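# Structural description and commentary
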Amino acid sequence: MIRVLVVDDEHLVRSGLRLILEAASDLTVVGEAADGSAALAETRRLRPDVVLLDVRMPGTDGLTAAPELVALGVKVIMLTTFDRDEYVHRALRAGAVGFLLKDTPPRELAAAVRTVAAGNAMLAPTVTRRLIDSFAERGPARRDAARQRLGQLTDREREIVREVGRGLGNAEIARRLTMSEATVKAHVSRALAKLQVANRVQLAILVHDADLL
């Protein structure tokens, strides 16, 4: 059973998300919170696997709470009403594993929680890639620094990391590069360790910063 904490300042939104998630047999909402401060307290108390975290809330907002929640060892998915929120990339850099729009269809919302709980990132949705493309801060200095970091990787690791930057999952990468999914997973794990990044989202942002796509 995947344990989820829902964080949003609107009670109706929290209730709607709870109904959607608990309609799935493998998901359970263990708690709710109305702002980032309460989310931190509830995360320490309830130890959820995944936190659905609203971006904009009175008091402590999602952007402020995201790094601390990630530090507690939970997977964080940002929730937003806006498909072009210029602040979401800050949460991605802080270790959040993606974000969803609040009008995401119920089946996709449940699938997203499963994906994140399994250790993967929410890079597949077009809106996520667009945000990374639009708002990741770039420039010659950032590009050169990113390319220098990626220079630590082997040719095969760089090839696979580039596909991660395109938003592909391990199975898709394996098919495209004609290798086993286990091999792809091993290469991704080594790349994460070498580059000292927390997850595939941060890895993809690094690829975008290096302008390798």
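Anything mentioned here points back to the structure above.
Residues numbered from 1 in each chain as written. Predicted model: local features only at pLDDT ≥ 70, side-chain atom pairs only at ≥ 80, totals over all residues. Heavy atoms only, no water.

With that settled, the discussion passes to helix α1 (residues 11–22). A rise of 1.5 Å per residue sets the reference length of α1, with its twelve residues, at 16 Å; its end C-alpha atoms lie 16 Å apart and thus fit the reference within 8%. Taken residue by residue, α1 has Arg-14, Leu-17 and Leu-21 as its buried positions. Projected onto a plane normal to the axis of α1, the buried residues spread over an arc of 65° and lie on a single side. Looking at α1, the residues exposed on the side facing more than 90 degrees away from the buried face are His-11, Leu-12 and Leu-19. Tucked inside the fold, the buried residues of α1 contact β1 (2–7), β2 (27–33), β3 (50–54), β4 (75–80) and α5 (106–117). (Helix = DSSP H or I, 4+ residues; strand = E, 2+ residues; numbered from the N terminus. Expected span 1.5 Å × (residues − 1). Buried < 20%, exposed > 50% of the residue type's maximum accessible area, 1.4 Å probe, protein only. Arc of directions from axis to C-beta. Contact = heavy atoms within 4.5 Å.)

Considering the arrangement of structural elements, one finds Glu-157 in helix α8 (residues 155–165). Setting aside chain neighbours within four positions, we find Glu-157 in contact with His-187, Arg-190 and Lys-194.

Further remarks concern the layout of surface pockets. Estimates place the volume of the largest pocket at around 320 Å³. In this structure, the largest pocket is lined by 19 residues; those nearest its centre are Gly-119, Asn-120, Ala-198, Asn-199 and Arg-200. Mapped onto the lining of the largest pocket, the elements with two or more residues apiece are β4 and α10 (181–195). The leading source of residues in the lining of the largest pocket is α10, at four residues. By residue class, the composition of the lining of the largest pocket is nine nonpolar, seven polar and three charged. (1 Å grid on protein atoms, 1.4 Å probe; cavity = no way out; pocket = protein on both sides within 12 Å on 5 of 7 lines; lining within 4 Å. Points joined across faces, edges and corners; volume = space filled by probe spheres on them. Nonpolar A, V, L, I, M, F, W, Y, C, P; charged D, E, K, R; others polar.)

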